[in-house]
Amino acid sequence: TRTQQTTQTSGTNPTPDTQDDLYVIHEAGVTASLAIPFPANPRNAQQFYIHSVGGITTLTLTAAVGTILSIATIITAGATIGWIYNQGSNKWYKIR
């Protein structure tokens, strides 16, 4: 499992590494808004999780490849959400 950890501020646009499986956001409190792109070149069955320590009230998710199903728009404090990529259907399926 590849993990990238970062501290983000509201309104910034992080860029997870292409092969990351877990993206952890360490912020002191609630982040008002954040846009997170999914990995740009996903491998088949790649899982991508986002964990927020303080929570995000407005979350925007984008995929350079494929379609994200069941898009989340918020993350509560301490929560983790995740998807798995299926190359055959070219879709990210929510698994958590």
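All values reported here derive from a predicted model rather than from experimental measurement. (Residues numbered from 1 in each chain as written. Predicted model: local features only at pLDDT ≥ 70, side-chain atom pairs only at ≥ 80, totals over all residues. Heavy atoms only, no water.)

## Let's talk about the overall build of the protein
Now for step 1: A tally of helices and strands in the protein yields zero helices and eight strands.
Now for step 2: Counted from the first residue to the last, the protein has its helices and strands arranged as β-β-β-β-β-β-β-β.
Now for step 3: Looking at the protein as a whole, 39% of its 96 residues are labelled buried.
Now for step 4: Restricting the contact set of the protein to residue pairs at least 6 apart, pairs at least 24 apart contribute 48%.
Now for step 5: Accessible surface computed for the protein: about 4800 Å², of which carbon and sulfur atoms make up 50%. (Helix = DSSP H or I, 4+ residues; strand = E, 2+ residues; numbered from the N terminus. Buried < 20%, exposed > 50% of the residue type's maximum accessible area, 1.4 Å probe, protein only. Contact = heavy atoms within 4.5 Å. Areas by Shrake-Rupley, 256 points an atom, 1.4 Å probe, with all protein chains shown as cover.)

## Re the environment of Thr80
Now for step 1: Summarising the element assignment, Thr80 is placed in strand β7 (residues 80-86).
Now for step 2: When sequence neighbours within four positions are dropped, the list of residues in contact with Thr80 reads Tyr49, Ile50, His51 and Arg96.

## Here's the deal with unusual backbone geometry
Now for step 1: Here the phi dihedral of Ala45 falls at roughly 70 degrees; this positive angle occurs in a residue that is not glycine.
Now for step 2: Tracing the sequence through the fold places Ala45 in the loop between β3 (31-37) and β4 (47-52).
Now for step 3: Using a relative accessible area of 43% as the deciding quantity, one classes Ala45 as partly exposed.

## Digging into the packing of aromatic side chains
Now for step 1: Applying the stated rule across the entire model yields five aromatic pairs.
Now for step 2: Consider the rings of Phe38 and Trp83, whose centres lie 5.1 Å apart with planes at 65 degrees: the pair is edge-to-face. Of this pair, Phe38 sits in the loop between β3 and β4 while Trp83 is found in strand β7, placing the two residues 45 residues apart along the sequence.
Now for step 3: Both rings, one in Phe38 and one in Trp92, keep their centres 5.0 Å apart while their planes meet at 75 degrees; by these two values the pair is edge-to-face. Separated by 54 residues along the polypeptide, Phe38 in the loop between β3 and β4 and Trp92 in strand β8 (residues 91-94) bring together distant segments of the chain. (Phe/Tyr/Trp six-rings, centres within 6.5 Å; stacked < 30°, edge-to-face > 60°.)

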